[in-house]
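# Summary of structural features
Residue-level listing of the chains:
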Amino acid sequence: MKFFIDTANLSEIQEAQDLGVLDGVTTNPSLMAKEGIKGTDAVMAHYKAICAIVDGDVSAEVIATDYAGMIREGEALAALDDKIVVKIPMIRDGVKAIKYFSDQGIRTNCTLVFSAGQAILAAKAGASYVSPFVGRLDDVSQDGLALIAQITEIYGNFGFHTEVLAASVRHVMHLVECAEIGADVVTCPLSVITGLLNHPLTDIGLAKFLSDYQKNNG
């Protein structure tokens, strides 16, 4: 399973890259705004800075919601770097744009997916990734992990090449359960990735090893 970090913070991206387990980055307008990145030129420059850090795919989201606008923005984003994956919302014109980009050899990530039907449309249009939002479904009393499992099964049934990218992954158990049910990718904050390091028995065991060493070696 691939690990993507869901942030526009360059320090966090670098930390995840240095850990040696990072496979890519996802961003969105909200994450850019959180970092104070304003204006088209600044956003484009920031994407280039992200691409300079990571070895894997970088999802860069269009702002337009009309077909022509998504094509224009998506082509400009894709031209920045070979690592860029154009992030497209799951709307009618978005599906059309995904098909266009697929035909042009430009990779896409279909975002804001909340149903299996939407995921089927994205795969049929040729999306490289589909991003179901686990945590946001949980927020409205729906089972986000069940959707990941359903999409994974459907894609397996028909041999779709679209990768299931579990988004809105908020804690370690979300990540582990996504791995159990076969998600191709998870994207999450740095704290979730580093949270995998933690177990109280590891801390206790290490403290004992060090204590015993000190006793025997002064």
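Residues numbered from 1 in each chain as written. Predicted model: local features only at pLDDT ≥ 70, side-chain atom pairs only at ≥ 80, totals over all residues. Heavy atoms only, no water.

## Side note on the packing of aromatic side chains
The final tally for this structure, using the stated rule, is five aromatic pairs. Measuring from ring centre to ring centre gives 5.5 Å for tyrosine 100 and phenylalanine 101, while their planes differ by 70°; the resulting arrangement is edge-to-face. Ring geometry for tyrosine 155 against phenylalanine 160: centres 5.4 Å apart, planes inclined by 75°, an arrangement best described as edge-to-face. Through successive ring pairs, a cluster of aromatic residues spans Tyr155, Phe158 and Phe160. The cationic tip of lysine 96 hangs over the ring face of tyrosine 67; the distance from NZ or CZ to the ring centre is 5.2 Å. (Phe/Tyr/Trp six-rings, centres within 6.5 Å; stacked < 30°, edge-to-face > 60°. Lys NZ or Arg CZ within 6 Å of the ring centre and 35° of its normal.)

## Details of the side chain of threonine 162
Structurally, threonine 162 is set in the loop between helix 8 (144-158) and strand 7 (163-166). Apart from the residues lying within four places of it in its own chain, the contact partners of threonine 162 are Ala123, Ala127, Ser128, Tyr129, Val130, Tyr155 and Asp184. (Helix = DSSP H or I, 4+ residues; strand = E, 2+ residues; numbered from the N terminus. Contact = heavy atoms within 4.5 Å.)

## Brief notes about the layout of surface pockets
The computed volume of the largest pocket comes to approximately 510 Å³. Around the largest pocket, the lining is made up of 30 residues, and of these Asp6, Asn28, Leu31, Phe133 and Arg136 lie nearest the centre. Mapped by element, the contributors of at least two residues to the lining of the largest pocket are helix 2 (29-34), strand 5 (108-113), strand 8 (185-188) and helix 10 (190-195). Looking at the lining of the largest pocket, the element that brings in the most residues is helix 2, giving four residues. Looking at side-chain class alone, the lining of the largest pocket contains 11 nonpolar, 11 polar and eight charged residues. Its volume calculated, the second largest pocket comes out at about 260 Å³. Elements represented by at least two residues in the lining of the second largest pocket include exactly helix 2, helix 3 (40-53) and helix 4 (67-78). Grouping the constituent residues of the lining of the second largest pocket by class yields 10 nonpolar, three polar and three charged. (1 Å grid on protein atoms, 1.4 Å probe; cavity = no way out; pocket = protein on both sides within 12 Å on 5 of 7 lines; lining within 4 Å. Points joined across faces, edges and corners; volume = space filled by probe spheres on them. Nonpolar A, V, L, I, M, F, W, Y, C, P; charged D, E, K, R; others polar.)

## A few points about the packing of helix 1 (residues 10-19) against helix 3
The geometry of helix 1 relative to helix 3 is characterised by a closest axis approach of 10 Å and an angle of 15° between their N-to-C directions. Of the possible angle classes, the one that applies to helix 1 and helix 3 is roughly parallel. In the packing of helix 1 onto helix 3, the handedness of the crossing is right-handed. Counted together, Leu10, Ile13, Gln14 and Gln17 of helix 1 and His46, Ala49, Ile50 and Ile53 of helix 3 form the full contact between these two elements. Classifying every residue of the contact of helix 1 with helix 3 gives five nonpolar, three polar and no charged. (Axes fitted to C-alpha atoms, helices over the stretch in contact; angles between N-to-C directions. Parallel < 35°, antiparallel > 145°, perpendicular 65-115°, else oblique. Left-handed = near helix turned anticlockwise from the far one by under 90°.)

## Overview of the side chain of glutamate 61
The topology assignment puts glutamate 61 in strand 3 (residues 57-61). Here glutamate 61 is in contact with Thr27, Asn28, Pro29, Tyr47, Leu77, Lys87 and Thr111, once residues within four sequence places are set aside.

## Considerations on the sheet that holds strand 8
On the basis of which strands lie adjacent, the closed barrel formed by eight strands has the order 1-2-3-4-5-6-7-8 and parallel pairing. Averaged over all adjacent pairs, the angle separating strand axes in this sheet is 30°, with direction ignored. As judged from the three bridges shared by strand 5 and strand 6 (residues 129-132), these two strands associate in the parallel manner. Within the sheet, the bridge partner assigned to asparagine 109 lies in strand 6 and is tyrosine 129. Set on the sheet, helix 3 makes contact with strand 2 (24-26), strand 3 and strand 4 (84-89); between it and strand 3 the angle comes to about 165°. (Pairing = 2+ DSSP bridges.)

## Details of the environment of glycine 94
By secondary structure assignment, the location of glycine 94 is in helix 5 (residues 92-103). Contacts of glycine 94, omitting those with residues within four sequence positions, involve Met70, Ile88 and Pro89.

## What about the pattern of salt bridges?
Taken as a whole and judged by the stated rule, the model has seven salt bridges. Arginine 107 serves as the salt-bridge partner of aspartate 57, at 2.7 Å between the closest nitrogen and oxygen. Here aspartate 57, found in strand 3, pairs with arginine 107, found in the loop between helix 5 and strand 5; they are 50 residues apart in sequence, far enough to count as distant. Residue aspartate 57 is classed as buried on the basis of its relative accessible area, which comes to 13%. (Salt bridge = Lys/Arg side-chain N within 4 Å of Asp/Glu carboxyl O. Buried < 20%, exposed > 50% of the residue type's maximum accessible area, 1.4 Å probe, protein only.)

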